[in-house]
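One letter stands for each residue in the lines below.
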Amino acid sequence: MVSRYRSGGSKGRRGAVLLLVGMALAVVVVSGGWLFAGKASAEAATTDTTSVIPPGRDKGPAPDPDLAKMFSDKKNCLSCHGDKSLEGLMTIKRPDGSPIVLYVDRTGLAGTVHRYKDCTSCHTADPHDKKSPLNKISLSAKCGSCHEYEYAQYKDSVHGKIQSATNSDAATCTDCHSPTGSPHNIQRVLDPKSSIYPKNVAATCAKCHNNPQLMGQYGIVERVYSSYMRSFHGKSIELSPDQSSIQQLDTATCVSCHGSHNTHTISTGDGTAGSASGTDDLLATCKSCHPEAGPEFVTGFLGHKDVNSKDEPVVYWGGKGFKYFSRFMLGFGLLTVATSVSIRSGSYIRRKLKRGKKGSEE
Amino acid sequence: MGRIIVEEPRVNVSITRFDVQQRAQHILIITSFFVLSITGIPLKFSDWQASALWMAIWHGPENVRIAHHWAAWVMIATCAYHLIYSLTRRPFSTEMFPKPRDIVDFIDDMKHTFRLSKKHPQFGRYSYRNKMAYWVVYPGAVTMIVTGLILLFPIGATAHLPGWSVPLSLMIHSDASILAIGWILFVHMYYAHFSRLTMPFDKSVITGKVPIERYAEEFPREYAMIVAAERPTLRLPKDVSVPGLHPHGASHGVEEPALEEPVGED
């Protein structure tokens, strides 16, 4: 036994060393692959030679075969536009000054709802025609070439009406339907990750409506997002777990009252969210979920306003009065406890000290 | 000196402080209050990460809402039952009502607390602290119930009440909840359990029983009354001594309870 081990000694040792090195390498590769999965796959994509690259355009990264299966790119647009180095190239600007990014992120494409539409179904057959780059108006019109009903509503909505070649403040299709604002990343409405899934819709509206500077230009002074989040509806949405189903999120969000494609200003009086002058429209809006609501129910709804002494004096002073009363009561109770604790602990410590002295004398 | 101490086995004598009715009511109130608190706090502090986590544990606010409503109905039923119980009880008890004697007790207690007197206050069945706790908590519960019902049935409520009752109820329900939870957690817990005699936990509200020595010390006035009432019939075992009573029963003359005996503690 011993001699057999001895005779194979040097070979066995070398084998063991090789095995160890191999194992170490394997560990490094596996853990590295796990840690830098994204990077690794990107690198793998660059070395992949099986995909079709048009001659003379082989500088850009070839599409990841796995990703390529997930979207349509018949004309190989992504062989150039999938090159990340294009991200910095912003030679074309829209009339409002915003740049057109020529880079198209494949990872976004893979999850988008339009992934089997070819690039040319939105971009023209000669997309390199620079005369009419997509701005917010032409973008909504482009979406409207298929989504006709939504486009008709949008054109007439508060967001659609103020769109112009030079003003891109108002939201267009992609501002709500794409988490990144890119038309290449449109999400399915009922996808929980979507920016307009009920759980996320308030945050999506808040991208603009929580910007007091921007809202101030259009006369919206209420803090609509924070007041919604303080309401029963908002809290119910906020506290629903991320994986909540659409049934669990059966609560009013922004669009339930204000409409989505047909959003109007509250003073329009078209039946959504009520007019500023009366409560009839507001009642109709509330009734769409609370069919038995009466006129008093609506007067108790403070909308997005903070409670103030002018509009709601009873609520303001009543609430404020009770707040101070309850704080005073609790403060008084805590004060008596604190007094008692401090006096008792003082005498307790004194007693302990006395006992300690006696003990040491004994 | 050895460390082993042989304790004399002794018979425990106790006085029933709370009857079954009172214990059952208190247990129902504790349970419903606890459920209402843990299901209500995350709604008030909805922007805390912890609230979202807590809601996820409950699998969404729907379950939390159901638990809150059920606990509320239990509390409403208990409060209603307590009201009927208190009003129909015979003899009608006025023990919980504030009386002039409470002012004397309060002054005595303050004197003792601030070391102006060694004498402990001589409480009756319910001390002024018990009364204060009761008369803070009961109207508090009524406030929570009324505002809570308005919030539970906002449409039904606004058919009879003005519209502002809903937002006002929300504000009051929210602030009163903090008062209630803070009061129970710190003030009530401290006075009920962290007394020098009951530290760290007073079981009497569950068991209904208070050891007789403690009763004599904690509620001396009521204790004297109980002893006086039971003296003619009380027969105790030989090795049991009851403060205020002769060791061998009631036949050997009368002693007043040791009311002003200074105690080493506190």
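Residue indices follow the written sequence of each chain, beginning from 1 at its first position. The naming scheme follows written order: chains are lettered A onward, ligands numbered 1 onward. Given that the model is predicted, a residue must reach a pLDDT of at least 70 before its local features are reported, and side-chain atom pairs must reach 80 or more before they are shown or counted; all residues, however, enter totals for whole chains, interfaces and linings.

Here we look at the interface of chain A and chain B
Residues are treated as contacting if the C-beta atoms built from their backbones sit within 7 Å of each other. Tallying the contact residues gives 35 residues for chain A and 35 residues for chain B. Only helix H15 (232-239), helix H18 (295-299) and helix H19 (313-361) of chain A provide two or more residues apiece to the side of chain A that touches chain B. The helix count covers DSSP runs of H or I at least four residues long, the strand count covers runs of E at least two residues long, and both are numbered beginning at the N terminus.

Some remarks on the nonpolar core
Soluble globular proteins: nonpolar side chains tend toward being buried together. Within the largest apolar cluster, 21 residues are counted, with the highest numbers of intra-cluster contacts made by Leu36, Met75, Ala176, Leu179, Ala180 and Trp183 of chain B. Listed by contribution, the elements that provide at least two residues to this core are H19 of chain A together with helix H1 (20-44), helix H3 (61-88), helix H5 (128-152) and helix H7 (165-193) of chain B. In terms of residue count, the dominant contributor to this core is H7 of chain B (nine residues). A set of buried Ala, Val, Leu, Ile, Met, Phe, Trp, Tyr and Cys residues, joined to one another through C-beta atoms within 7 Å, is what we call a nonpolar core. Here the C-beta atoms are placed from the backbone, and a residue counts as buried if at least 20 other C-beta atoms lie within 10 Å of its own, exposed if 12 or fewer do, and partly exposed otherwise. If you look at the next biggest cluster of nonpolar residues, it comprises 10 residues, including Ala202, Cys205, Tyr225 and Cys254 of chain A.

Quick notes on the confidence of the model for chain A
Residue and element names in this part refer to chain A. Here chain A averages 76 in pLDDT, while 72% of its residues score no lower than 70. Averaged pLDDT values over the elements of chain A bottom out at 39 in helix H3 (residues 37-47) and peak at 91 in helix H12 (residues 198-209). pLDDT under 50 marks residues 1-10. Its contacts with residues more than four places away, or in other chains, come to zero contacts. Across residues 274-278, confidence stays below pLDDT 50; counting only partners more than four residues off in sequence or on other chains, it has 12 contacts. The pLDDT value expresses, per residue, how confident the predictor is, ranging between 0 and 100.

Some thoughts on unusual backbone geometry
Residues and elements named next belong to chain B. The omega torsion of the bond from Arg90 to Pro91 falls at 0°, within 30 degrees of zero and hence cis. Along the chain, the position of Pro91 falls in the loop between H3 and helix H4 (100-113). Despite not being glycine, His59 has its phi angle at roughly 60°, a positive value. Summarising the element assignment, His59 is placed in the loop between helix H2 (49-57) and H3.

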